[in-house]
Amino acid sequence: KSISELEKEAHLLAKTQKSTPSHDILKAKDAKISQLNRDLEEKSELVDVAKRTVEEVKLRFKQMTAKFDTEKERSTGLAHELRSLKEMLLSEKDAKKKLQEDITAVQTQLGDESQIAKKI
């Protein structure tokens, strides 16, 4: 009950029972105030715990963001390296194809020269 409710009850009680001294009313108010102070302390402790939890979550978020950024940079580096390797592979394939064409041309030329030599 709130303090105002207690005051109303005390006032009604005082009207119905003329023998209730104001000392009892003050005692009831003091008890209620003490209870409210205890409740306030409990709530303050809960708020402190919540604040610490929020700070821990913020710190963890910063750590995870930093880790993500690091992984993103690493991933970007790997992607760049992969593209470079792919370009190198394509260049090697082109070089191999050119070499194969040159070999084929030489073989054809040798074959032609061999035919000419046989005729002679």
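Here's what I pulled together on the structure shown here. Numbering of residues begins from 1 in every chain and follows the order in which that chain's sequence is written. Given that this is a predicted model, residues contribute local features only at a pLDDT of at least 70 and side-chain atom pairs are listed and counted only at 80 or more, while totals for whole chains, interfaces and linings are drawn from all residues. With hydrogens and water set aside, each side-chain value is computed from the structure's full complement of heavy atoms.

## What to know about the environment of Lys96
Note that Lys96 resides in helix 2 (residues 22-119). Using a relative accessible area of 64% as the deciding quantity, one classes Lys96 as exposed. Between the C-alpha atoms of Lys96 and Ser84, which are 12 residues apart in sequence, the distance is 18 Å. Helix and strand assignments follow DSSP, with helices taken as H or I runs no shorter than four residues and strands as E runs no shorter than two, numbered in order from the N terminus. Under the scheme applied here, a residue whose accessible area is under 20% of the maximum for its type counts as buried, over 50% as exposed, and between as partly exposed, the area being computed with a 1.4 Å probe on protein chains only.

## Quick notes on a negative patch on the surface
Patch members must show over 30% relative accessible area and no salt bridge, and they are joined within 9 Å when carrying like charges or within 5 Å when they are nonpolar side chains of Val, Leu, Ile, Met, Phe, Trp or Tyr. To measure how exposed things are, a 1.4 Å probe is used in the Shrake-Rupley method; for residues, cover is taken only from the protein chains shown. Only one rule defines a salt bridge in this text: a Lys or Arg side-chain nitrogen within 4 Å of an Asp or Glu carboxyl oxygen. Counted as positive: Lys and Arg. Counted as negative: Asp and Glu, with His and the chain ends omitted from the count. Think of each charge as sitting on NZ of Lys, CZ of Arg, CG of Asp or CD of Glu. Together, Glu41, Glu42, Glu45 and Asp48 line one region of the surface with negative charge. Mapped onto the elements of the fold, Glu42 is located in helix 2.

## As for a nonpolar patch on the surface
Taken together, the side chains of Ile3, Ile33 and Leu36 present a nonpolar region at the surface, about 210 Å² in accessible area. One can find Ile33 in helix 2.

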